[in-house]
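Secondary and tertiary structure notes
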Amino acid sequence: MSAIDKARERAREFLDLVTGTPAPEWRTCFSEDGTEEPTGIAPVCLDEGHDPDDGSVYDCCPSPVVECDSDPFAAYLVELLNADRAPAGSAPDFFRPGATYSYGPWAFRCDTVTSHPATGKRTALGWFRFRKSHWTPEQYDEDAWAEGSWAEDNAGGAS
Ligand SMILES: [Zn+2]
């Protein structure tokens with residue numbers, strides 16, 4: 001299990017205890033008095049009386065409320081935490097940028113994932129080789145992902 005998997009698992013145990021859900025959605029909030037922008041982060045408050053557009057923190061709001069000293073930093077943390085809400089151990093549904101995959105004698109290093117301007121279907125762009133041949137540029141779409149049994153190298157291994 002990688003370092004982030006371990007850290008996520010332990011954090012989710014804590015969040016489950018204090019918020020009632022292991023992977024709550026996060027928001028920026030006004031965690032300190034007198035700031036013009038929201039410089040803190042907190043789990044989204046589900047209280048009926050709390051307007052979702054109201055960035056304040058009240059008694060109804062779940063903890064932890066974390067002051068970040070910076071509204072860009074708070075916004076960044078919210079994006080990171082919300083992007084990482086998928087259940088632990090869920091199977092990936094497409095190539096992941098930065099990962100290298102093997103499928104029999106083939107290898108594919110995914111550098112980026114882009115989506116078709118009209119259909120929105122994803123395409124992975126990267127480099128491909130057969131055994132120890134030269135790397136050549138390659139692209140794989142969602143059908144290629146579904147048809148192949150691409151295994152991520154070092155998935156869940158030491159890192
Ligand atoms: Zn609230």
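Describing the sheet that holds strand 3 (residues 66-67)
- In space, the three strands of this open sheet follow the order 1-2-3, with antiparallel pairing throughout. Edge strands, defined here as strands with exactly one partner in the open sheet, are strand 1 (26-29) and strand 3.
- When strand 2 (residues 40-43) meets strand 3, the two strands line up antiparallel, connected through two bridges. Among the inter-strand pairings, Ile 41 is bridged to a residue of strand 3, identified as Val 66.
- Packed onto the sheet, helix 2 (residues 71-83) meets strand 1 and strand 2 and runs at close to 170 degrees relative to strand 1.

Section: the coordination of the zinc ion
- For the zinc ion, every protein donor is listed as Cys 45 (SG), His 50 (ND1), Cys 60 (SG) and Cys 61 (SG), and the spread of their distances is 2.1 to 2.4 Å.
- Classification of the site at the zinc ion as tetrahedral follows from its four donor atoms and the range of 97 to 117 degrees in their angles at the metal.
- Summarised as a motif, the one-chain spacing of the donors to the zinc ion is C-x4-H-x9-C-C. Placement of the pair is Cys 45 in the loop between strand 2 and strand 3 and Cys 60 in the loop between strand 2 and strand 3, with a sequence separation of 15 residues.
- Among the residues examined, Cys 45 registers a relative accessible area of 11% and is labelled buried.
- On the basis of relative accessible area, Cys 60 is assigned to the partly exposed category, the value being 32%.

Comments concerning the sheet that holds strand 5 (residues 106-115)
- Pairing within the open sheet is antiparallel, and its five strands lie in the order 7-6-5-4-8. For this open sheet the edge positions go to strand 7 (136-141) and strand 8 (151-152), each flanked by a neighbour on one side alone.
- With two bridges connecting them, strand 4 (residues 100-103) and strand 8 associate as antiparallel partners. Counted as the bridge partner of Tyr 101 is Glu 152 from strand 8.

What about the domain arrangement of the protein?
- Considered domain by domain, the protein is made up of domain 1 (3-83) and domain 2 (100-152).
- Put simply, the middle of domain 1 and the middle of domain 2, counted by C-alpha atoms, are 36 Å apart.

Overview of a nonpolar patch on the surface
- Taken together, the side chains of Phe 14, Leu 17 and Val 18 present a nonpolar region at the surface, about 310 Å² in accessible area.
- Mapped onto the elements, Val 18 comes out in helix 1 (residues 3-19).

Focus on unusual backbone geometry
- Here Ser 63 and Pro 64 are connected by a cis peptide whose omega angle stands at 5 degrees.
- A positive phi angle, close to 50 degrees, is found at Arg 131, a residue other than glycine.
- Along the chain, Arg 131 falls in the loop between strand 6 (122-130) and strand 7.
- Judged by its relative accessible area of 56%, Arg 131 falls in the exposed class.

With respect to the nonpolar core
- Counting twelve residues, the largest nonpolar core is built from Phe 94, Phe 95, Ala 99, Tyr 101, Phe 108, Cys 110, Ala 124, Phe 128, Tyr 140, Ala 144, Trp 145 and Trp 150.
- For this core, the secondary-structure elements that each account for two or more residues are strand 5, strand 6 and helix 3 (142-147).
- The residues touching Ala 124, leaving out its near neighbours within four places in the chain, are Phe 94, Phe 95, Phe 108, Cys 110, Thr 112, Val 113, Glu 138, Gln 139 and Tyr 140.
- Counting six residues, the second-largest nonpolar core is a separate cluster that includes Leu 15, Ile 41, Cys 68 and Ala 74.

Looking at the packing of aromatic side chains
- Here the structure, examined in full by the defined rule, presents 14 aromatic pairs.
- Taking 6.2 Å as the distance between ring centres and 55 degrees as the angle between the ring planes, the aromatic pair formed by Phe 94 and Trp 145 counts as tilted. Placement of the pair is Phe 94 in the loop between helix 2 and strand 4 and Trp 145 in helix 3, with a sequence separation of 51 residues.
- Following the ring pairs from residue to residue traces out a cluster consisting of Phe 94, Phe 95, Tyr 101, Tyr 103, Trp 106, Phe 108, Phe 130, Tyr 140, Trp 145 and Trp 150.

The rules behind each value
Residues numbered from 1 in each chain as written. Predicted model: local features only at pLDDT ≥ 70, side-chain atom pairs only at ≥ 80, totals over all residues. Heavy atoms only, no water. Pairing = 2+ DSSP bridges. Helix = DSSP H or I, 4+ residues; strand = E, 2+ residues; numbered from the N terminus. Contact = heavy atoms within 4.5 Å. Axes fitted to C-alpha atoms, helices over the stretch in contact; angles between N-to-C directions. Donors = N, O, S within 2.8 Å, 3.2 Å for Na, K, Ca; no water. Tetrahedral: all angles 85-135°; square planar, octahedral: opposite > 155°, others 65-115°. Buried < 20%, exposed > 50% of the residue type's maximum accessible area, 1.4 Å probe, protein only. Domains from an automatic or database assignment. Patch = residues over 30% accessible without salt bridge, like charges linked within 9 Å, V, L, I, M, F, W, Y side chains within 5 Å. Areas by Shrake-Rupley, 256 points an atom, 1.4 Å probe, with all protein chains shown as cover. Salt bridge = Lys/Arg side-chain N within 4 Å of Asp/Glu carboxyl O. Core = buried A, V, L, I, M, F, W, Y, C linked by side-chain atoms within 4.5 Å. Phe/Tyr/Trp six-rings, centres within 6.5 Å; stacked < 30°, edge-to-face > 60°.

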